[in-house]
Amino acid sequence: RVDEWTDVDRKRVMNDIISTMFNKKFMEELFKPQDLYSKKALRTVYDRLAHASIMRLNQASMDKLYDLMTMAFKYQVLLCPRPRDILLVTFNHLDAIKDFISDSPGILNQVDETFRSLIETYNCLSDGEFQLIRQTLLIFFQDMHIRVSIFLKDKVQNSNGRFVLPISGPVPWGAEVPGLIRIFNHKGVEVKRAEFTTAGNYVTPQREGSFELYGDRVLKLGTNMYSVTRPVETHVSGSSKNLASQAKENIAPNPLAKEELNFLARLLGGLDIQKPAGGETGFRLNLFTTDEEEEHAAQTRPEELSYKVINIEATQEPGRRAELSRILGELELAEPRPGSAEKGEDLLALMDGL
């Protein structure tokens, strides 16, 4: 059947998306010191990544997928026990991605290279710098209060779309269980202690999560939310509509944002993915129960939440055409050479095998 979704198709889609996402030059651009991208820029990049394969999504399904991604990430950042644990959340993401492409050594090497870059760039940062990163991310998501059924069922999100902070469980690594007040004199000597009762049931964590390429992250934020199979719905709450309206971005794109999109579009290829060869029709992914439900969601979605994806055509400028062709060539994933995944082989040899 043309519309049947097989494991082979799923594997192909995951390989295409992950190899595009972890393209070396795209990663190098993301690791450059820079301001946070605008919401429109993020949505445009996300849209291109989601369509970097034979899979296609209609606007409503794309909106639903984006809402789920942004709210899940906001939840993970918000509930981090300490700012530095944002890195452990990211490592959980990459560990899961590596499981998807465990039998594709070429793509696996791309992800490992990004892993090493993250460790080299962020492991040395201070707690204050991680706090600034966390605040910056939360400011970016602060006006987004979209309800997600999986969060509502687990009672980690209220009906107004705001997340519930737990008052029980492990305290951050390096912190003590609350309940004790120490009083010191001017010489720094402890002179008195007082205890108080807390509303929550706090415990001391057994160990710190691993910040290395391999190891137990301990922290579960960023791991698979779907331990139990269940449908996921996203709904825009009334308060979210008002907040989104207040924070509505200007319809005319900012020139700096457009320049940023222009460069990112070139890194991602700047073009739509080529149509499947031969009689292959590709797959359309519908995140709703029926096509009618998908169409209704597209019609009823608030205008202020419908991100306008900016299409930038980079092929019309002769000076860029040759460079774009070169970049597209680098994005193509060649079959790994035989023996390229042998244990102990040099990293450069693996890169040559791409």
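Our structure is the block above this text.
Summary of the structure given here. On a predicted model such as this, the values are computed, not experimentally measured, just so you know.

What about the packing of aromatic side chains?
Okay, so step 1: Under the criterion given, the structure shown has 7 aromatic pairs.
Okay, so step 2: A centroid spacing of 5.4 Å and a plane angle of 65 degrees characterise the contact between Y46 and Y66, whose relative ring orientation is edge-to-face. Of the two residues, Y46 sits in helix α3 (residues 39-50) while Y66 sits in helix α4 (residues 59-78), which places them 20 residues apart along the sequence. Here Y46 and Y66 have matching classes, each one buried.
Okay, so step 3: For the ring pair F151 and F163, a centre distance of 5.4 Å and an interplane angle of 80 degrees mean the geometry is edge-to-face. Of this pair, F151 sits in helix α8 (residues 149-153) while F163 sits in the loop between α8 and β3 (169-170), and the two are 12 residues apart along the sequence.
Okay, so step 4: Overall, F151 belongs to the buried group, its relative accessible area being 4%.
Okay, so step 5: Ring-pair connections join several aromatic residues into one group, and the members of that group are F73, F140 and F141.
Okay, so step 6: When the ring centre of F140 is taken as origin, the NZ or CZ atom of K39, which lies over that ring, is 4.4 Å away.
Okay, so step 7: Note that R43 overlies the ring of Y66, its terminal NZ or CZ placed 5.1 Å from the centroid.

A word on the environment of E129
Okay, so step 1: Position of E129 relative to the elements: it lies in helix α7 (residues 127-141).
Okay, so step 2: In this structure E129 comes out as partly exposed when scored by relative accessible area, which is 39%.
Okay, so step 3: Put simply, E129 and R84 are 45 residues apart on the chain and 8.8 Å apart in space, counted from C-alpha to C-alpha.

Re the pairing of strand β4 (residues 180-184)
Okay, so step 1: Here β4 pairs with strand β5 (residues 190-195) via 5 bridges, running antiparallel. Looking across to β5, one finds that I183 is bridged to K192.
Okay, so step 2: What sits between the antiparallel neighbours β4 and β5 is a turn of 5 residues, in which G188 has the positive phi angle 80 degrees.

Thoughts on the nonpolar core
Okay, so step 1: I18, F22, Y75, F91, L94, V111 and F151 are the most contacted members of the largest nonpolar core, which has 43 residues in total.
Okay, so step 2: Only α2 (24-30), α3, α4, α5 (85-100), α6 (105-122), α7, β2 (146-148) and α8 provide two or more residues apiece to this core.
Okay, so step 3: Counting residues per element, this core draws most heavily on α5, at 7 residues.
Okay, so step 4: The contact partners of F151, leaving out residues within four places of it in the chain, are M71, A72, Y75, V156, Q157, F163 and M225.

Here we look at unusual backbone geometry
Okay, so step 1: Look at K155: it is not a glycine, yet its phi comes out positive at around 60 degrees.
Okay, so step 2: Mapped onto the secondary structure, K155 falls in the loop between α8 and β3.
Okay, so step 3: Here V218, not a glycine, exhibits a phi torsion of approximately 65 degrees, which is positive.
Okay, so step 4: Of note, V218 is situated in the loop between β6 (202-203) and β7 (234-236).
Okay, so step 5: Residue V218 is classed as partly exposed on the basis of its relative accessible area of 30%.

Let's talk about the pattern of salt bridges
Okay, so step 1: For the coordinates displayed, the defined rule picks out 13 salt bridges.
Okay, so step 2: A salt bridge links K98 to D112; its shortest N-O distance comes to 2.9 Å. You can see K98 sitting in helix α5 and its partner D112 sitting in helix α6, a full 14 residues away along the chain.
Okay, so step 3: For K98, a relative accessible area of 9% gives the class buried.
Okay, so step 4: E190 serves as the salt-bridge partner of R193, at 2.4 Å between the closest nitrogen and oxygen.
Okay, so step 5: Judged by relative accessible area, which is 32%, E190 ranks as partly exposed.
Okay, so step 6: Within the structure, one salt-bridge network assembled from shared partners comprises E176, R182, E190 and R193.

Quick look at α3
Okay, so step 1: Over its 12 residues, α3 extends 16 Å from the first C-alpha to the last, a length consistent with the 16 Å expected when each residue adds 1.5 Å.
Okay, so step 2: Three or more residues of α3 are buried, namely K40, A41, R43, T44, V45, Y46, D47, R48, L49 and A50.

What counts and how
Residues numbered from 1 in each chain as written. Predicted model: local features only at pLDDT ≥ 70, side-chain atom pairs only at ≥ 80, totals over all residues. Heavy atoms only, no water. Phe/Tyr/Trp six-rings, centres within 6.5 Å; stacked < 30°, edge-to-face > 60°. Helix = DSSP H or I, 4+ residues; strand = E, 2+ residues; numbered from the N terminus. Buried < 20%, exposed > 50% of the residue type's maximum accessible area, 1.4 Å probe, protein only. Lys NZ or Arg CZ within 6 Å of the ring centre and 35° of its normal. Pairing = 2+ DSSP bridges. Core = buried A, V, L, I, M, F, W, Y, C linked by side-chain atoms within 4.5 Å. Contact = heavy atoms within 4.5 Å. Salt bridge = Lys/Arg side-chain N within 4 Å of Asp/Glu carboxyl O. Expected span 1.5 Å × (residues − 1).

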